[in-house]
Amino acid sequence: MDSKVNNIVIVGGGSSGWMSAALLCKMYKGTINITLVESDAIGTIGVGEATIPPLKIFNDVLGINEQDFIEKTKASIKLGIEFENWGKQGDAYMHAFGSIGKDIGYSAFHHYWLANKPQSPASLWDFSYNYQVAKQNKFSVQPKIHNDQLAGITHAYHFDAGLYANYLQQYCQQLGIRHIQGLVETINQKDNGDVESLTLQDGQVINGDLFIDCSGLHALLIDKTLNVEFESYQQWLVCDSAWAVPSEKTSPIIPYTRATAHDFGWQWRIPLQHRTGNGMVFSSKYISDEKAKQTLLDNLDAKTIGEPKLIRFKPGRRVKQWQNNCVAIGLSSGFLEPLESTSLHLVQTAIIRLTKLMPHLSITPELVAEYNRQSQTEFEQIRDFIILHYHLNQRQQGELWQYCQTMSIPDTLHHKISLFAQTANLFRQQDELFTQEAWLQVMIGQNLMPQDHNPLANILSQQERKDFLDNLKQIYQHYSAELPAHETFLNL
């Protein structure tokens, strides 16, 4: 039987709570009552400062002006993630956003690059416009390279997650959201298990038809009330801890994130306008908390601001992210380490999925089942992409890396790696987040060279392929040279 939704209650603020509230306020303005309950006792995890390009679409849907957003959240531009020491010690490559080269007919660009590689020293990243711009520390909003019909720059952001939550809070309050500061003391359920209301510490009772659990790793509703099972990914994603600490800003502010592998985990570096976000993701099985913290502090490039914060987590997902009349969004729904900056994206897709499946504000068993199916698929696809980085390492030191080299991996990932290794083919499943270019850069960057390539690439002669590649390389060099500095765009 359909269940009509007139009142939505969001439990928890932070980025996940206010992102959810913002889209709901925008989509259902004037047709539904939305209440957000938050408490300082829940807190935030504090690592969600790097994003991927779809966040720009999210902001655009909300009608947010980009320059205003950048100013208010102290944001910088992100053009990709540079991975250091992930293949072998001393290696470096970038997962740059956007396209690589130019496809010809039915054959992807990288097949032509592979066909020409025996005769050419050209790097794959010579044909990434994003990479060329990032390494020159430049940026401009440029839709495409007009004269040559090539894609332009694809960008995301580094920003202060707390300031973003505040920004969205103000946005929601202008649209009439009910915002309550209060600690949830009791969660009241109906006989069928549905959540009926929340009783706050001050005695207020908050009734709702649909509850959204944005309480982070506390998972107050989906776990502690509804007892939804958690599926662990820890056999593949061994890291279970992170230290996070901000440091003073450095100049120039580079337009990309850095992820540097250490013997027991990896270190992130996220440059903002006013500071740098830093952290160390590690496995407590292979190093003590104190040694991990000291390694982080020894490898910072500026003075710390405040004390390092220790975060414990368990990689995995809720088997059902929608149970009864409760939807888990954000860290309450599951955790995937921030290696590819997917945390805020999973919030974004979850709330978009909810609005798509609830066009008439009613809940049916079919839409709940479809929500859970899509959520599972999305988590597993991102999980596989993150595992890929660990599994393809060739590092000689570190028990963590040795384990990852030889561990059994999901069949879905094994198939993708084997297919690329044999034929250089990459296929993107419907609605899959990471593009063929993303998978290509990690595989090539971590030294997985395929045995063959598409025979269509041989239709061009060796000289024709060389001319094609040389021309593309010169175009990217020409257009990147004309761009202003990243900090000029930020008006710093």
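Residues numbered from 1 in each chain as written. Predicted model: local features only at pLDDT ≥ 70, side-chain atom pairs only at ≥ 80, totals over all residues. Heavy atoms only, no water.

**Re the sheet that holds strand E13 (residues 205–207)**
Taken in spatial order, the 3 strands make up an open sheet running E11-E12-E13, and their pairing is antiparallel. The open sheet has two edge strands, strand E11 (184–189) and E13, and neither has a second partner. Each neighbouring strand pair of the sheet contributes to a mean axis angle of 25°, computed without reference to strand direction. Sheet analysis places strand E12 (residues 195–200) next to E13, joined by 3 bridges and oriented antiparallel. Paired with Thr-199 across the bridge in E13 is Val-205. (Pairing = 2+ DSSP bridges. Helix = DSSP H or I, 4+ residues; strand = E, 2+ residues; numbered from the N terminus. Axes fitted to C-alpha atoms, helices over the stretch in contact; angles between N-to-C directions.)

**What to know about the sheet that holds strand E24 (residues 334–335)**
Reading across from one edge, E15-E21-E24 is the order of the 3 strands in this open sheet, with antiparallel pairing throughout. The open sheet has two edge strands with one neighbour each: strand E15 (230–232) and E24. Contacting strand E21 (316–318) and E24, helix H9 (residues 365–391) runs over the sheet at an angle of about 175° to E21. (Contact = heavy atoms within 4.5 Å.)

**Re the environment of Ile-81**
Mapped onto the fold, Ile-81 is located in strand E5 (residues 80–84). Put simply, Ile-81 and Tyr-93 are 12 residues apart on the chain and 8.5 Å apart in space, counted from C-alpha to C-alpha. With residues near it in sequence (within four places) discarded, Ile-81 still touches Tyr-93, Met-94, His-95, Thr-257, Ala-259, Leu-339, Glu-340 and Ser-341.

**Focus: the pattern of salt bridges**
Counted under the stated rule, the structure contains 19 salt bridges. Of the charged contacts, one joins Asp-223 and Arg-318 as a salt bridge, the two residues approaching to 3.8 Å between their closest N and O atoms. On the criterion of sequence distance, the pair formed by Asp-223 in the loop between strand E14 (210–213) and E15 and Arg-318 in strand E21 is long-range, its members being 95 residues apart. For Arg-318, a relative accessible area of 9% corresponds to the buried category. Asp-301 is paired through a salt bridge with Arg-269; the nearest N and O atoms lie 2.7 Å apart. In this pair, Asp-301 sits in the loop between helix H7 (289–298) and strand E20 (309–312) while Arg-269 sits in strand E18 (residues 265–271), placing the two residues 32 residues apart along the sequence. Given a relative accessible area of 43%, Asp-301 falls into the partly exposed group. A network of salt bridges, in which partner residues are shared, links Glu-82, Glu-84, Lys-135 and Arg-258. (Salt bridge = Lys/Arg side-chain N within 4 Å of Asp/Glu carboxyl O. Buried < 20%, exposed > 50% of the residue type's maximum accessible area, 1.4 Å probe, protein only.)

**Regarding the nonpolar core**
In terms of nonpolar packing, the biggest core is built from 137 residues, with Trp-86, Trp-322, Met-358 and Tyr-390 touching the most fellow members. For this core, the element with the highest residue contribution is H9, accounting for 10 residues. Setting aside residues up to four positions removed in sequence, Met-358 forms contacts with Val-5, Ile-8, Tyr-28, Leu-210, Trp-322 and Ile-363. Core analysis: the next-biggest nonpolar cluster, separate from the first, contains 17 residues, Val-184, Leu-198, Ile-222 and Leu-226 among them. (Core = buried A, V, L, I, M, F, W, Y, C linked by side-chain atoms within 4.5 Å.)

**What about the packing of helix H4 (residues 109–116) against helix H13 (residues 462–481)?**
The geometry of H4 relative to H13 is characterised by a closest axis approach of 10 Å and an angle of 120° between their N-to-C directions. One finds that H4 runs oblique with respect to H13. Between H4 and H13 lies a crossing of left-handed hand. Along its contact with H4, which presents Phe-109, Tyr-112, Trp-113, Ala-115 and Asn-116, the element H13 presents Gln-462, Arg-465, Lys-466, Phe-468, Leu-469 and Leu-472. Grouping the constituent residues of the contact of H4 with H13 by class yields 7 nonpolar, 2 polar and 2 charged. (Parallel < 35°, antiparallel > 145°, perpendicular 65-115°, else oblique. Left-handed = near helix turned anticlockwise from the far one by under 90°. Nonpolar A, V, L, I, M, F, W, Y, C, P; charged D, E, K, R; others polar.)

**A closer look at the side chain of Glu-66**
Looking at the element boundaries, Glu-66 is found in helix H3 (residues 66–72). No salt bridge forms around the buried Glu-66; measuring N to O, its nearest opposite-charge neighbour Lys-56 is 4.7 Å away. When neighbours within four sequence positions are excluded, Glu-66 is seen to be in contact with Lys-56, Val-141, His-155 and Tyr-157. (Lys, Arg positive; Asp, Glu negative; His and termini not counted.)

**Looking at the pairing of strand E16 (residues 241–248)**
The buried fraction of E16 amounts to 6 of the 8 residues, a majority that puts the element mostly inside the structure. Pairing geometry for E16 and strand E19 (residues 275–282), over 8 bridges, is antiparallel. Directly across from Ser-247, in E19, lies its bridge partner Thr-276. Pairing geometry for E16 and E20, over 4 bridges, is antiparallel. Within E20, the residue paired with Ala-242 across the bridge is Ile-311.

**As for unusual backbone geometry**
Here the amide bond leading from Ser-251 into Pro-252 is cis, since omega sits at 0°, within 30 degrees of zero. Its location among the elements puts Pro-252 in the loop between E16 and strand E17 (257–262). Even without being a glycine, Asn-324 presents a positive backbone phi close to 55°. Within the element layout of this structure, Asn-324 appears in the loop between strand E22 (322–323) and strand E23 (326–328). On the basis of relative accessible area, Asn-324 is assigned to the partly exposed category, the value being 26%. If you check the backbone angles, Asn-447 has positive phi at about 70° while not being a glycine. Positionally, Asn-447 belongs in the loop between helix H12 (436–445) and H13. Assessed through its relative accessible area of 40%, Asn-447 is described here as partly exposed.

**Focus: a nonpolar patch on the surface**
Together, Tyr-106, Leu-456 and Ile-459 make up an exposed nonpolar region whose accessible area comes to about 400 Å². Residue class for Ile-459 comes out exposed when judged on its relative accessible area of 63%. (Patch = residues over 30% accessible without salt bridge, like charges linked within 9 Å, V, L, I, M, F, W, Y side chains within 5 Å. Areas by Shrake-Rupley, 256 points an atom, 1.4 Å probe, with all protein chains shown as cover.)

**Overview of the packing of aromatic side chains**
Summed over the entire model, instances satisfying the criterion amount to 23 aromatic pairs. Relative to Trp-401, the ring of Trp-86 has its centre 5.1 Å away and its plane inclined at 85°; by these criteria the two rings are edge-to-face. In this pair, Trp-86 is assigned in the loop between E5 and strand E6 (92–96) and Trp-401 in helix H10 (residues 399–406), connecting sequence segments 315 residues apart. Residue classification places Trp-86 among the buried positions, given a relative accessible area of 0%. On the accessibility criterion, Trp-401 (0% relative accessible area) is buried. In textbook terms, an aromatic cluster arises when at least three aromatic residues are bridged by ring pairs, as seen for Phe-83, Trp-86, Tyr-93, Trp-125, Trp-266, Trp-268, Tyr-390 and Trp-401. Looking at Arg-353, its charged tip hangs above the ring of Tyr-371, at a distance of 5.4 Å from the centre. (Phe/Tyr/Trp six-rings, centres within 6.5 Å; stacked < 30°, edge-to-face > 60°. Lys NZ or Arg CZ within 6 Å of the ring centre and 35° of its normal.)

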